[in-house]
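A structural walkthrough
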Amino acid sequence: MSVELLTFLFFGSLLVFLFIGTPLVFTLGGISVIFLYFAMGPVGFYIVASKFWDSMTNFTLIAIPMYVYMAMLLEKSGVAQNLYRMMHVWFGAMRGGLAIGTVMICAIFAAMSGISGAAVVTMGAIALPRMLERGYDKRLAIGAINAGGGWGVLVPPSILMVLYAMLTEVSVGRLFASGIGPGILLVVLVTVYIIVRAWLQPSLAPALPPEERGDWRLKLSTLKAVALPILIVLLVLGSIFGGFATPTEAAALGVFGALIASAVHRKLSYAVLSDSAMQTLRLTALIMWILFAAHAFSTAYTTLGANELMNHLVSQVPGGEWGALVFILAVLLLLGMVLDPVGIMLITLPVFMPVVQLYGWDPVWFGVVFIMMMEIGYMTPPFGFNLFYLKAVAPPEVSMGDIYWSVIPYALVTFLGVLIVIMVPQIALFFPNLFFGMPR
């Protein structure tokens, strides 16, 4: 059987089972194992098991449950309430100030948690009702939370970055550092968008009345709210970039910081620890199955010869490397509308990494572009995760239609950020080269 027909049957089967609602992990793993058996016989199973065992003994993998546990603790610690109070006092006097303060908090949460849902759920419950009470446009407020919440997968530490590093054998430390520049860029772009929109249409995001703005004594007293977040960020990122700890060891320090934050806010209890541990166990078990499916898929994909075929097909796209990059972005954008980012990563990375090698692209730079596109996937209809996280905590007057429409301008702003990083790769590569030196 020709490699073209095998590839068609392989990917065709994946699409059929995905469209009928079969869980992604079982679709990828099951179909990959079946094709492996017919292509290699029982020896294919040993190859998958061997690769999976290598992953299970990888020290970096321990970072995943640590970062997840840190995020679960922070969500319950009360840090967000104090941060929002500070942003309320400092930014409320300007048009769009509450929305700007909200995206700032999302950026801080992103630098502490490593996942997208924590900031979306927390800010959706705390900030959204207050913005609506003060006359903010629903779509402006919802979109700000949706966009800011997605930064959890880009700003280090990031669970998606750890998975990307595991699947592509890229340095986790360099990948973490590469998210700093693009993260700052997106914060600036979204903030500028809110400022311009509020200036052109003042009724969409009015300033707070004078009695709610607070004096300088109140403003200065609220600054203590950033002490614990800065401590956690320094523990995690400072230890990695300073060379004091590996990403895995830094994750343990992050959990320690989250425990301190919970204790300071009097939220540290057996119930909080137990609930956070159970949520971490569920999510980590899911990730382990995902890794198993990823190894089965990559082994089957390579064995069938689809690697060379896809490499050849993408190289024939008009426009050379720029045409190939446009094609990759289009595929990621479309898949982001219907699949979760981890699933997209499993399906596309075995296809795209040979193209990255073919054109000599920096895999760290490509990883940042890839994850920024996943960030857009988190917020785009019909199946973006953040849309449903937000709906679960939004006030009753916020409809699913409001949430869908709210993401359009913010998705465009984020995509503008992707284009800027593509045109100026040093935005992503400056900090990795600064902290870890130029790659050899």
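The rules behind these values
Residues numbered from 1 in each chain as written. Predicted model: local features only at pLDDT ≥ 70, side-chain atom pairs only at ≥ 80, totals over all residues. Heavy atoms only, no water. UniProt positions renumbered as here; feature names shortened; annotations may be inferred. Helix = DSSP H or I, 4+ residues; strand = E, 2+ residues; numbered from the N terminus. Buried < 20%, exposed > 50% of the residue type's maximum accessible area, 1.4 Å probe, protein only. Contact = heavy atoms within 4.5 Å. Areas by Shrake-Rupley, 256 points an atom, 1.4 Å probe, with all protein chains shown as cover. Axes fitted to C-alpha atoms, helices over the stretch in contact; angles between N-to-C directions. Parallel < 35°, antiparallel > 145°, perpendicular 65-115°, else oblique. Left-handed = near helix turned anticlockwise from the far one by under 90°. Nonpolar A, V, L, I, M, F, W, Y, C, P; charged D, E, K, R; others polar. Phe/Tyr/Trp six-rings, centres within 6.5 Å; stacked < 30°, edge-to-face > 60°. Core = buried A, V, L, I, M, F, W, Y, C linked by side-chain atoms within 4.5 Å. Polar contact = N/O pair within 3.5 Å; in protein donor to acceptor, adjacent residues only side chain to side chain. Expected span 1.5 Å × (residues − 1). Salt bridge = Lys/Arg side-chain N within 4 Å of Asp/Glu carboxyl O.

Looking at an unreviewed UniProt entry, one finds the protein chain named TRAP transporter large permease protein and attributed to Rhodopseudomonas telluris. Turning to the protein chain, the UniProt annotation filed under Subunit (unreviewed entry) states: "The complex comprises the extracytoplasmic solute receptor protein and the two transmembrane proteins." As recorded by UniProt, the Subcellular location (unreviewed entry) comment attached to the protein chain reads in full: "Cell inner membrane".

This next bit is on the overall build of the protein chain. Helices and strands together make up the secondary structure of the protein chain, namely 22 helices and 0 strands. Per-residue burial over the protein chain gives 54% buried out of 440 residues. Partitioning the contacts of the protein chain with sequence separation of at least 6, the portion at a separation of at least 24 is 79%. On the protein chain, roughly 18600 Å² of surface is accessible, and the fraction owed to carbon and sulfur atoms is 71%.

Let us look at the packing of helix 4 (residues 63-77) against helix 13 (residues 227-241). It is the contact of helix 4 with helix 13, at a shortest axis distance of 13 Å, that shows an interaxial angle of 160°. Our classification of the angle between helix 4 and helix 13 gives roughly antiparallel. In this structure, helix 4 crosses over helix 13, and the sense of that crossing is left-handed. Residues Tyr-67, Met-70 and Leu-74 of helix 4 pack against Ile-232, Val-236 and Ile-240 of helix 13. Of the residues in the contact of helix 4 with helix 13, the class split is 6 nonpolar, no polar and no charged.

Inspection of the entire model under this criterion finds 8 aromatic pairs. Between Phe-366 and Phe-370, the ring centres sit 6.2 Å apart and the planes meet at 55°, which makes this aromatic pair tilted. Placement of both Phe-366 and Phe-370 in helix 19 (residues 363-379) is noted, with a separation of 4 residues, approximately one turn of the helix. According to the relative accessible area criterion, Phe-366 is buried, its value standing at 2%. Arranged with centres 5.2 Å apart and planes meeting at 80°, the rings of Phe-430 and Phe-431 form a pair that is edge-to-face. The class of Phe-430 is partly exposed, set by a relative accessible area of 43%. Site record: aromatic cluster; members linked through ring pairs are Tyr-164, Tyr-359, Trp-361, Trp-365, Phe-366 and Phe-370.

On to the nonpolar core, then. The biggest cluster of nonpolar side chains holds 146 residues, and the ones touching the most others in it are Tyr-67, Trp-151, Trp-365 and Phe-366. Of the residues forming this core, the biggest block, 13 residues, is contributed by helix 19. Those residues in contact with Trp-365 that lie beyond four places of it in its chain are Leu-325, Val-421, Ile-422, Pro-425, Ala-428 and Leu-429.

Before going further, it helps to spend a moment on the side chain of Asp-402. Relative to the helices and strands, Asp-402 resides in helix 21 (residues 400-423). Side-chain polar atoms of Asp-402 contact the side chain of Lys-138, separated by 2.9 Å.

Attention now goes to helix 17 (residues 320-336). Taking 1.5 Å per residue as the helical rise, helix 17 with its 17 residues ought to reach 24 Å, and the 24 Å between its terminal C-alpha atoms agrees with that figure. Those residues of helix 17 that fall on the buried side of the exposure criterion are Gly-323, Ala-324, Leu-325, Ile-328, Leu-329, Leu-332 and Gly-336.

The next subject is the environment of Thr-168. Position of Thr-168 among the secondary structure elements: in helix 9 (residues 159-168). The spatial distance from the C-alpha of Thr-168 to the C-alpha of Pro-350 is 8.7 Å, given a sequence separation of 182 residues. Once residues within four sequence positions are removed from consideration, Thr-168 is found in contact with Leu-349 and Met-353. Polar contacts involving the side chain of Thr-168 include one to the main-chain carbonyl oxygen of Tyr-164, which spans 2.6 Å.

As enumerated under the stated definition, the model contains 3 salt bridges in all. For Arg-134, the salt bridge is made with Glu-133, and the minimal N-O distance between the two is 3.5 Å. On the accessibility criterion, Arg-134 (25% relative accessible area) is partly exposed. For Glu-133, a relative accessible area of 62% translates into the label exposed. A salt bridge links Lys-138 to Asp-402, with the nearest nitrogen and oxygen atoms 2.9 Å apart. With Lys-138 in helix 8 (residues 138-149) and Asp-402 in helix 21, this residue pair connects regions lying 264 residues apart in the sequence. Of the residues examined, Asp-402 reaches a relative accessible area of 11% and is grouped as buried. If you follow the salt bridges from partner to partner, you end up with Lys-138, Arg-139 and Asp-402 in one network.

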